[in-house]
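One-letter residues, chain by chain:
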Amino acid sequence: DGGITQSPKYLFRKEGQNVTLSCEQNLNHDAMYWYRQDPGQGLRLIYYSQIVNDFQKGDIAEGYSVSREKKESFPLTVTSAQKNPTAFYLCASSIGGQGQNIQYFGAGTRLSVL
Amino acid sequence: KQEVTQIPAALSVPEGENLVLNCSFTDSAIYNLQWFRQDPGKGLTSLLLIQSSQREQTSGRLNASLDKSSGRSTLYIAASQPGDSATYLCAASDYKLSFGAGTTVTVRA
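Residues numbered from 1 in each chain as written. Chains lettered and ligands numbered in written order. Predicted model: local features only at pLDDT ≥ 70, side-chain atom pairs only at ≥ 80, totals over all residues. Heavy atoms only, no water.

### Concerning the overall build of chain A
Helix and strand counts for chain A come out as 0 helices and 11 strands. The order of helices and strands in chain A, counted from the N terminus, is β-β-β-β-β-β-β-β-β-β-β. Taken against the 2.2 N^0.38 rule, which gives 13 Å for 114 residues, the C-alpha radius of gyration of chain A at 13 Å falls within 12% of a compact globule. With respect to the three principal axes, the spread of C-alpha positions in chain A is 35 × 30 × 25 Å. Scored against the burial criterion, the 114 residues of chain A give a buried share of 48%. For chain A, the share of sequence-separated contacts (at least 6 apart) that also reach a separation of at least 24 residues comes to 54%. Summing over all exposed atoms, chain A offers an accessible surface of approximately 5,500 Å²; the carbon and sulfur share of this is 47%. (Helix = DSSP H or I, 4+ residues; strand = E, 2+ residues; numbered from the N terminus. Rg over C-alpha atoms; globule rule 2.2 N^0.38 Å. Buried < 20%, exposed > 50% of the residue type's maximum accessible area, 1.4 Å probe, protein only. Contact = heavy atoms within 4.5 Å. Areas by Shrake-Rupley, 256 points an atom, 1.4 Å probe, with all protein chains shown as cover.)

Here it is in structure tokens:
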């Protein structure tokens, strides 16, 4: 089955800890994205990558970091600099071009602070 | 900066009634307008994508219209069913997707 896999489904972060959220796709898509969703708000773009070894900041990149070493994988690290990390995190991919194609989403990771 | 608004935030209808969901956006220079469905605690599922050159797009019971000049899109769901209960989000696409906060729909059996 082709799709996007996010893991873990639930994640807890201690004060001062960095945590990494996994996102893997087998759709052979070039572009991948990370969004944050807070209750009652639309999705906000954290980072995006249009090709391997290249990525750009989105609207709320502070306190987050990413890497794109393989086409299939786009992990997101929530660093200790992110003071309000509790949210639902969604990964997406598309064939190419950030706005011109349908984006396909994973099932999400819910991050909470202990 | 693109701003996307969805009103109402929540909607409850009896089964069989037609649903009308509204989406407005501030910048008409878009590639397309996309509608998604989100079930509680889940990711988003793409429903329809309307290109900027199109006026509407249809898939089964779903029909979406686009009026770029007025900055509006409407999603129509015919003959609603309890399985249509979900949150529906629209997103305006220029160089990136800008999402509305969504309309949460409850269809009562």
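On we go.
### A short note on the packing of aromatic side chains
Following the criterion strictly, the structure yields 8 aromatic pairs over all chains and no others. Aromatic pair Y33 of chain A and Y35 of chain A: ring centres 6.4 Å apart, planes at 35°, arrangement tilted. Judged by relative accessible area, which is 1%, Y35 of chain A ranks as buried. Measuring from centroid to centroid gives 5.6 Å for F105 of chain A and F36 of chain B, while their planes differ by 85°, and the two rings are edge-to-face. Of the two residues, F105 of chain A sits in strand β10 (residues 104–105) while F36 of chain B sits in strand β4 (residues 32–38), which places them in two different chains. An aromatic cluster is defined as three or more aromatic residues linked by ring pairs; in this entry it consists of Y33, Y35 and F105 of chain A together with F36 and F99 of chain B. (Phe/Tyr/Trp six-rings, centres within 6.5 Å; stacked < 30°, edge-to-face > 60°.)

### Looking at the sheet that holds strand β1 (residues 4–7) of chain A
All names here are of chain A. Spatial ordering of the open sheet is given by β1-β3-β8-β7, a layout of 4 strands whose pairing is antiparallel. The sheet is open, and its two edges are formed by β1 and β7 (64–66), each paired on a single side. Strand-to-strand, the axes of this sheet are offset by a mean angle of 20°, without reference to chain direction. As defined by bridge partners, β1 adjoins strand β3 (residues 19–25) across 4 bridges and the pair is classed as antiparallel. Residue pairing in the sheet places S7 in a bridge with S22 of β3. (Pairing = 2+ DSSP bridges. Axes fitted to C-alpha atoms, helices over the stretch in contact; angles between N-to-C directions.)

### Concerning the nonpolar core
Considering soluble globular proteins, one finds that nonpolar side chains tend to be buried as a cluster. The biggest cluster of nonpolar side chains holds 22 residues, and the ones touching the most others in it are F25, L33, W35, L75 and Y88 of chain B. The set of elements that each furnish at least two residues to this core consists of β3 (19–25), β4, β5 (44–51), β7 (62–67), β8 (72–77), β9 (86–93) and β11 (103–108) of chain B. (Core = buried A, V, L, I, M, F, W, Y, C linked by side-chain atoms within 4.5 Å.)

### Section: the confidence of the model for chain A
When pLDDT is averaged across chain A, the result is 93; 97% of the residues are at 70 or more. Of all secondary-structure elements in chain A, the lowest mean pLDDT belongs to strand β2 (residues 10–13) of chain A, at 93, while β7 of chain A reaches the highest, 98. (pLDDT = per-residue confidence, 0-100.)

### Describing the pattern of salt bridges
Any two side chains of opposite charge can pair, given that their charged atoms come close. The full count for this structure, using the stated rule, is 7 salt bridges over all chains. We note a salt bridge from K1 of chain B to E3 of chain B, for which the minimum N-O separation is 4.0 Å. Its relative accessible area of 41% is what places E3 of chain B among the partly exposed residues. Two residues, R37 of chain B and D39 of chain B, come together in a salt bridge whose shortest N-O distance is 3.0 Å. Shared partners join several salt bridges into a network, and the residues in it are R36, D38 and R44 of chain A. (Salt bridge = Lys/Arg side-chain N within 4 Å of Asp/Glu carboxyl O.)

### Overview of the interface of chain B and chain A
Taken residue by residue, the interface counts 20 residues in chain B and 21 residues in chain A. Taking both partners together, chain B and chain A bury about 1,500 Å²; carbon and sulfur atoms supply 55% of that area. When the buried area of chain B at its contact with chain A is split by residue, L44, K96 and F99 of chain B rank highest and sum to 27% of it. At the level of elements, β4, β5, β9 and β10 (97–99) of chain B are the ones that each hand at least two residues to the side of chain B that touches chain A. By residue number, the principal contributor to the side of chain B that touches chain A is β4 of chain B, which donates 4 residues. Among the residues forming the side of chain B that touches chain A, the class breakdown is 9 nonpolar, 8 polar and 3 charged. (Buried area = accessible area lost by both parts, 1.4 Å probe. Nonpolar A, V, L, I, M, F, W, Y, C, P; charged D, E, K, R; others polar.)

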